[in-house]
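Examining the three-dimensional arrangement
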Amino acid sequence: MNLSSSEALASAITLPRPRLGFLGVGWIGRNRMEAMLATGGIEAAAIADALPGNTADAALLAPDAAQLDSFDALLERDLDGIVIATPSALHAEQSIRALERGNPVFCQKPLGRSSAEVEAVIAAARASDRLLGVDLSYRGTEGMRAIKQQVDGGELGPIHAIDLTFHNAYGPDKPWFYDPKLSGGGCMMDLGVHLIDLALWTLGFPQVDHIDADLFSKGHPLTDRDSQVEDFGIATLRLADGCVVRIACSWHLPAGQDAVITADFFGSKAGAAFRNVNASFYDFKAELFHGTARQTLAEPGDAWGGQMASAWATQLARSPRFDPQCESFAAIAAVMDGIYAASLR
């Protein structure tokens, strides 16, 4: 999925703007809705949320949109796509139902709680020949795009090690995140999915040969995924080409600051780093390293949060048809399954 500016999108569209339905318009749903509307290339035709306050807040962004109280009501509308930002347990089922009705889908992460759920969604998208996107939002940061460009161009040489971290000193504020049946997992499912994606996406989705992992809940090894979710996790992925990827993530970690978010790439010719600035969840800097010298690739300040949503809207305006690139979501889910399985051995 290519990222394009609002101006490029507006100039490229000659057909009527796609009419979208937005399911789940809490903070992140409204943020993604706002990003899509800002492209000028879509119309918010309907809004659905179980909480009337959320619907009313979203309606301020799209006063002409129909305000609905259920997914079923949304499916009955004549729409050109559906944007899903509901709790994780609902993502796969809702995505499949939307796709089977012929609606392209943009869904919050994780697309599913397991490989089986994710593969079922991809199969539904393929069968209906409809576009499927997932909000793996850190791909949209200027810093990670710059690092991927350096890797793709061979500037770093072959990559032999990647070190990624996402520590959140607070953790989620919604109870369902801590219910394994609703969330599918803890910090690894919530934060680790971004780290897995950044490593595999940057390298072009290589084969993963082996996974080691340790997950903890309140300082003790995670032993029962049916009753616990992890609040600290560390995993090592060994790729087919010999590259080693280390992933660490947590909720409520006493890290001395709000957040620690880093992605370091080490190659035979150079290194690169993506790091949050001043403990921020939103501001990042990217640098390229040659020995002891460093070069800035990206500074903080880019409005990256809605970039993947904007990119999906851009692509939808051009074509609603199935994009095989979505099959990479299955590779991320397979690694996630492997991490949970390895931690319980």
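To keep things clear, this report deals only with the structure shown in the data block. (Residues numbered from 1 in each chain as written. Predicted model: local features only at pLDDT ≥ 70, side-chain atom pairs only at ≥ 80, totals over all residues. Heavy atoms only, no water.)

1. Points about the overall build of the protein
What counts, and what does not: Going along the chain from the N terminus, every DSSP run of H or I of four or more residues is numbered as a helix, and every run of E of two or more is numbered as a strand. Any residue under 20% of the maximum accessible area for its type is buried, any over 50% is exposed, and the rest in between are partly exposed; the area is computed with a 1.4 Å probe on protein chains only. In what follows, a contact means two residues having at least one pair of non-hydrogen atoms within 4.5 Å. The Shrake-Rupley method, run with a 1.4 Å probe, gives the accessible areas here. Residue values count only the displayed protein chains as cover. The convention is simple: Lys and Arg are positive, Asp and Glu are negative, and His and the chain ends are not counted. Throughout, a charge is located at the NZ atom of Lys, the CZ atom of Arg, the CG atom of Asp or the CD atom of Glu.
A count of helical and extended segments in the protein gives 11 helices and 15 strands. Taking the principal axes of its C-alpha atoms as reference, the protein extends roughly 55 × 45 × 40 Å. Per-residue burial for the protein yields a buried fraction of 54% across its 345 residues. Restricting to contacts in the protein with at least 6 residues of sequence separation, those with at least 24 account for 67%. When the accessible surface of the protein is split by element, carbon and sulfur atoms take 51% of a total near 14800 Å². Positive and negative charge centroids in the protein, built from 27 and 42 side chains respectively, lie 2 Å apart.

2. Re the environment of alanine 38
Along the polypeptide, alanine 38 turns up in helix α2 (residues 27–38). Alanine 38 gets classed as exposed once you look at its relative accessible area, which sits at 53%. Once the C-alpha coordinates of alanine 38 and glycine 306 are considered, the two residues, 268 residues apart in sequence, prove to be 9.8 Å apart.

3. Here we look at the sheet that holds strand β5 (residues 105–107)
Quick reminder of the rule: In this scheme, strands are said to pair when DSSP sees at least two bridges between them. For helices, the axis comes from a line fit to the C-alpha atoms of the stretch in contact; other axes are also lines fit to C-alpha atoms, and the angle between any two N-to-C directions lies between 0 and 180 degrees.
Pairing is parallel across the open sheet formed by 6 strands, whose spatial order is β3-β2-β1-β4-β5-β6. Edge positions in the open sheet fall to β3 (66–68) and β6 (132–134), since each of these has one partner strand only. Pairs of neighbouring strands in the sheet enclose a mean axial angle of 20°, with direction left out of account. Alignment of strand β2 (residues 43–48) against β3, held across 3 bridges, turns out to be parallel.

4. Examining the sheet that holds strand β13 (residues 271–276)
As summarised here, the arrangement of the 9 strands in space is β9-β8-β10-β11-β7-β12-β13-β14-β15, forming an open sheet in which the pairing is mixed. Edge positions in the open sheet fall to β9 (220–221) and β15 (293–298), since each of these has one partner strand only. The sheet contact formed by strand β7 (residues 159–168) and strand β12 (residues 259–267) spans 9 bridges and is antiparallel. Bridge pairing in β12 places alanine 161 opposite phenylalanine 266.

5. Focus: the environment of alanine 50
As for its placement among the helices and strands, alanine 50 is situated in the loop between β2 and α3 (52–59). Take alanine 50: its relative accessible area is 69%, and that puts it in the exposed class. Considering only alpha carbons, one finds alanine 50 and serine 70, 20 residues apart in sequence, at a separation of 6.6 Å.

6. A closer look at the nonpolar core
Worth spelling out the cut-off: Definition used in this section: a nonpolar core is a set of buried Ala, Val, Leu, Ile, Met, Phe, Trp, Tyr and Cys residues joined via side-chain atoms within 4.5 Å.
Grouped together as the largest cluster of nonpolar side chains are 87 residues, with contacts concentrated most on Leu74, Leu132, Ile147, Leu164, Val245, Phe329 and Ile339. In terms of residue count, helix α9 (residues 187–203) provides more of this core than any other element does, 11 residues in total. Those residues in contact with leucine 164 that lie beyond four places of it in its chain are Leu195, Leu198, Ala199, Val245, Arg246, Ile247, Ala248, Thr262 and Ala263. Formed by 19 residues, the second largest nonpolar core is a distinct cluster that contains Met36, Ala65, Val83 and Met308.

7. As for unusual backbone geometry
If a residue is not glycine, its phi is most likely negative; likewise, a peptide bond is most likely trans. The linkage connecting lysine 109 with the following residue, proline 110, adopts the cis geometry, with an omega of -10°. Along the chain, the position of proline 110 falls in the loop between β5 and α6 (115–128). In this structure, aspartate 129 takes a positive phi of about 55° despite not being glycine. Residue placement: aspartate 129 occurs in the loop between α6 and β6. Overall, the relative accessible area of 24% leaves aspartate 129 in the partly exposed class.

8. Points about the packing of aromatic side chains
This is how the line gets drawn: Within 6.5 Å between ring centres, the rings of Phe, Tyr and Trp (the latter by its six-membered ring) count as paired, and their orientation is classed by plane angle as stacked under 30 degrees, edge-to-face over 60, tilted in between. Whether a charge lies above a ring is judged from NZ of Lys or CZ of Arg, which has to be within 6 Å of the ring centre and within 35 degrees of the ring normal.
Per the stated rule, a full pass over the model turns up 10 aromatic pairs. Taken together, a centroid distance of 4.8 Å and an interplanar angle of 35° make the contact between tyrosine 138 and tryptophan 304 tilted. Here the residue tyrosine 138 occupies a position in the loop between β6 and α7 (142–152), and tryptophan 304 occupies one in the loop between β15 and α10 (307–318), the gap between them amounting to 166 residues. Given the relative accessible area of 9%, tyrosine 138 is considered buried. Taking the relative accessible area as the measure of exposure, tryptophan 304 reaches 7% and is therefore buried. One aromatic cluster is present, built from ring pairs that chain together Tyr138, Phe166, Phe274, Phe284 and Trp304. Seen from the ring of tryptophan 201, lysine 148 lies directly overhead, with NZ or CZ sitting 5.3 Å from the centre. In this structure, arginine 225 is placed above the aromatic ring of tyrosine 340, and the distance from its NZ or CZ to the ring centre is 3.7 Å.

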